[in-house]
Amino acid sequence: MALKQTADMLTLTPQELDERFAYSGNDLGATFSETAIHVRLWAPTAERVVIRLYKTLRARKVEEVEMVAGERGTYVVELDRATYEGYFYTFQASINGQKVEAVDPYAKAVGTNGKRGALIDPTSVTPERWIEERPLFHSSQDAVVYELHVRDATSHPGSGVVARGTFAGLTEAGTRTPNGGLTGLDYLADLGVTHVQLLPIYDFGSVNETAPNDPDNYNWGYDPVNYFAPEGSYSSNPDDPRTRILELKQLVQALHDRGIRVIMDVVFNHTYDAATVPLGQFVPGYFYRQEADGSLSNGSFCGNDTASERLMMRKFILDCVTYWAKEYHLDGFRFDLMGLHDVETMNQVRHALDRIDPSILIIGEGWDLDTPLDPEEKANYFNAPKMPGIAHFNNGLRDGVKGDVQTPEDRGFISGAFDRTSEVKRGIAGNVSSQGFADEPNQVVSYVEAHDDLTIWDKLTVSRPEDTEEIRRKRQMLANAIILTGQGIPFLHAGQEFFRTKDGIRDSFNAGEVVNRLDYERAETERPAVEYVKGLIALRRQYPMFRLANAAMIKKHLRFLEEGEGVIAFELKRTYEGYVERQRVYHNATEEDITIELPNGEFEVLVESGAVKLHAPRLHEEKQLVVQALTTTVIAERKADYKKYAVAGGAALTIIGLLYAANKRRKKTD
C-alpha cells in the first residue's frame, strides 16, 4: 500500500527514513518496456512531485504530469513510449511548501551540461560491434593499470588524432606523430598494459560542455553531477545524449578489441555542489554527512561528504557501479577517497560485482580521513583485512620510493634517502608483512605516481636540483623497475614511462590542456625509456613469480638479500615441474657501480643498464656481477631439480632391495 508523504517527514532522522522508507526495487529512474516508460523517484519528504517534460533540449514549452505516491517513499509515473521517448525531463517536488526542481539522480542520459535528463533507453544505443565478453584475465596481480585522462590521451597537436580530446579520438587506429611514433590507442596497445583506468567519465560540473575545445576549459572531472550518464565534453555532440552513450561504448569496445580492460574512476565520496546537484535535492539532509553543529562534514576537502552508510546512498552506489559494469561492460572501478566510505558498502560493492564477473577490479584510495564515521567502519587501509578483494593504493611505497608527496623537497630511496629502504622492501613484498596493511597482495596497488601531486620527474627536479637530466632519467627508471618487479597490482600514471612533466604544477586539475596533455613527441624522444617499461611489463607477464597469487606464496618464494646500503636485492625461487626456477633482482640506488657475489649457477641477464632483453638474454657464468649505478639488474636461472631425482633414485633402490630380499626368502621356503 502506498504511503502519502507529508511535511512531517522532514522531522525524521536518516535512520528513521531508512527504517520506514528504504526502497529496494531496481526501477529507480526511467525504465523501458515495449510500450511504456516507467519513471520512479525516491522522495519521502516531498508532498507532491511532477515530471516536467520538454520535447527538445532547449525547449521552453513544458508539459507537466503528476506523479503518484508509490511504495516506500517513491513517486511514480508511466508514460507512453511512442510519445515521450527522446524527450528531456526534470522533476519538480514540493517540500515543506517550497518547490524544488532538479534532474533525476538516476538519469542515464542527459543533455548539455547535465541540466536536463533524457528519456532514452541506453540499451537501444549500441555500436555495430558490441561484444559482451571481456578480454581474458585471471587474477588481480596479473593486472598492469595505466591511469589516463580521456582528453589528455589525444589532445596534443602532434598526436595525429582527428577527434582530439574525445572518446572517439581514443578509438582511432593508426595514429602517429609527424615522425611516425605511435600515439593514442596504438600506443596503449603496444605498451602492453592490461587495464586503462580512465579519470572520471560520468557527467561532471567543472567543464562547460558548450566550449569543449577551449584549452583552458579543462578539468580532471572529480566534480560529480550526474553519476549514471557519460560526460558531454568528451562527446562529438554534447547536445545529443545518444552520441555520448554511443561513443563511450565504442571506446570501451576499441580497448577491449586490443585486449585492454577498462577501469572507471568513480567519485561517490562527494559531489560538485551539495546545494545544486541532483543527489539530495528531493530528500534534504539525507545523502550527506553532517557534523554535530549541522554543517556538512568535509573530509573530502571538496565541501561535502556523502553518507555511504545510509541505505539509499549505499543503494545508489551499488546501482551505479553495477549499471556501468553491465551496460558499458566496464572491468573495474577506482574509488576516489575510498576511506570516506564504510566497510559494509565496499563489501557489498565487491559482492555485487562478483555476481557480474569476479574478475572486475576494485581499487581505491584508502586514506584515513576526518569524517563523522566510526573508525572501525571506515573503508581505509587500516581496515583492509575486513575488505577482501578490494585493493588500496600503497602510499607507503610511493613515499618510500620518491619521498613524501606533501613535501616536494623530501627525498626517497631513488633520490638517496636510504633510511626509506624498509618501506620500499615492504611494498616490494606486497605489503603483507606484519608491518603492512594487507592480508593478500590483491589488496595492494603499488605505485609511485598518479594524477595527484608532482610527477616523479618534477619531484626529482625539486628534491635533486643538482642532478643532470641523465641522472634524473636513471632515478625515474629505477622507480619504474621497483614497481613492475614487485608484488601486488602495479599502477602507472600515463606518461610516467617517458618522464612526464607538468611544469612543476603539483595538482594540475584545472591547469589547462597544454600542461596536461600527453606529449607523444617527448615519448618519441625518450623511446628507450618507453621500451624499458614495455619490457618490464613483458617480463612480469613471462615470469609468474613477479605476480604471486597470495601471501603464503610470497612468504615461501620471496627472500631479501643483504647487499649493503642503497641496494635492495631479493630472490624469487620455486620448484616447478621438475625444475628449480629463480630470479634475482638488484635495485642499485647508489651513484656507484656495485659488484655482487653470485651463487653457483648459470644465469641469464634479463635486465641491465636500462634495457630489458627477454628474447636474447646474455648468459652470465661468472661468480661476480656488476650492477651499474642507479639501475636495476634482473637475472634468472632454470635447472633440473636434482634433489628430486636423487630422492626418487634412492626410493627406487630401496624398492629393488626389498624385492630382492623378498625373492631370496621365497627361494629358501621353496
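Read on for an overview of the structure. The structure displayed is predicted, hence computed values, not measured ones. (Residues numbered from 1 in each chain as written. Predicted model: local features only at pLDDT ≥ 70, side-chain atom pairs only at ≥ 80, totals over all residues. Heavy atoms only, no water.)

### A few points about the overall build of the chain
What the chain contains, in helices and strands, is 16 helices and 28 strands. Relative to the compact-globule value of 26 Å for 670 residues, the chain shows a C-alpha radius of gyration of 29 Å, a close match. Its C-alpha atoms give the chain principal-axis dimensions of about 100 × 80 × 55 Å. For the chain, the share of sequence-separated contacts (at least 6 apart) that also reach a separation of at least 24 residues comes to 71%. Split by element, the accessible area of the chain, about 26,500 Å² in all, is 49% carbon and sulfur. (Helix = DSSP H or I, 4+ residues; strand = E, 2+ residues; numbered from the N terminus. Rg over C-alpha atoms; globule rule 2.2 N^0.38 Å. Contact = heavy atoms within 4.5 Å. Areas by Shrake-Rupley, 256 points an atom, 1.4 Å probe, with all protein chains shown as cover.)

### Digging into the sheet that holds strand β2 (residues 36–42)
Taken in spatial order, the four strands make up an open sheet running β1-β2-β6-β5, and their pairing is antiparallel. Only two strands of the sheet have a single partner each, and these edge strands are β1 (29–32) and β5 (68–69). Two strands pair when backbone bridges link them, and β5 and strand β6 (residues 74–80) are joined in this way by two bridges, in the antiparallel orientation. Following the sheet pairing, V68 is matched in β6 by V76. (Pairing = 2+ DSSP bridges.)

### Focus on helix α4 (residues 184–191)
Along an α-helix, residues three or four positions apart point the same way, because every turn accommodates 3.6 residues. Counting buried positions along α4 yields six of eight residues, so the element is predominantly enclosed. Residues of α4 that are buried in the fold lie against β10 (145–148), α3 (150–154), β11 (195–198), α5 (241–257), α13 (520–525) and α14 (527–542). The positive-phi residue at the C-terminal boundary of α4 is G192, with phi of around 95°. (Buried < 20%, exposed > 50% of the residue type's maximum accessible area, 1.4 Å probe, protein only.)

### A few points about empty space enclosed by the protein
Applying the stated criterion across every chain, the model contains two cavities of 30 Å³ or more. Taken as a whole, the largest cavity spans an internal volume of roughly 150 Å³. Lining the largest cavity we find 16 residues, and of these L41, W42, P105, Y106 and F287 sit closest to its centre. Listed by contribution, the elements that provide at least two residues to the lining of the largest cavity are β2 and α6 (311–327). Of the residues forming the lining of the largest cavity, the biggest block, three residues, is contributed by β2. Within the lining of the largest cavity, the residues separate by chemical class into 12 nonpolar, two polar and two charged. When its volume is computed, the second largest cavity comes out at roughly 50 Å³. Forming the boundary of the second largest cavity are E147, L148, H149, D152, L199, W220, H451, H493, R500, K502 and N516. Taken together, the residues of the lining of the second largest cavity sort by class into three nonpolar, four polar and four charged. (1 Å grid on protein atoms, 1.4 Å probe; cavity = no way out; pocket = protein on both sides within 12 Å on 5 of 7 lines; lining within 4 Å. Points joined across faces, edges and corners; volume = space filled by probe spheres on them. Nonpolar A, V, L, I, M, F, W, Y, C, P; charged D, E, K, R; others polar.)

### Quick word on the packing of aromatic side chains
Applying the stated criterion across every chain, the model contains 31 aromatic pairs. Seen from their ring centres, W220 and Y222 are 6.4 Å apart, and the 85° between their planes marks the pair as edge-to-face. Where F228 meets Y323, the ring centres are 5.8 Å apart and the plane angle is 55°; that geometry is what we call tilted. One end of the pair, F228, is in strand β13 (residues 224–230); the other, Y323, is in helix α6, with 95 residues separating them in the sequence. Note on F228: relative accessible area 1%, which makes it buried. You can call Y323 buried: its relative accessible area is 12%. Members of the aromatic cluster, each reached through a chain of ring pairs, are Y106, Y202, Y227, F228, F268, F316, Y323, W324, Y328 and F335. The positively charged end of R522 is found above the aromatic ring belonging to W457, 5.3 Å away from the centroid. For the cation-ring pair, R638 lies above Y579, with the distance from its terminal atom to the ring centre recorded as 4.0 Å. (Phe/Tyr/Trp six-rings, centres within 6.5 Å; stacked < 30°, edge-to-face > 60°. Lys NZ or Arg CZ within 6 Å of the ring centre and 35° of its normal.)

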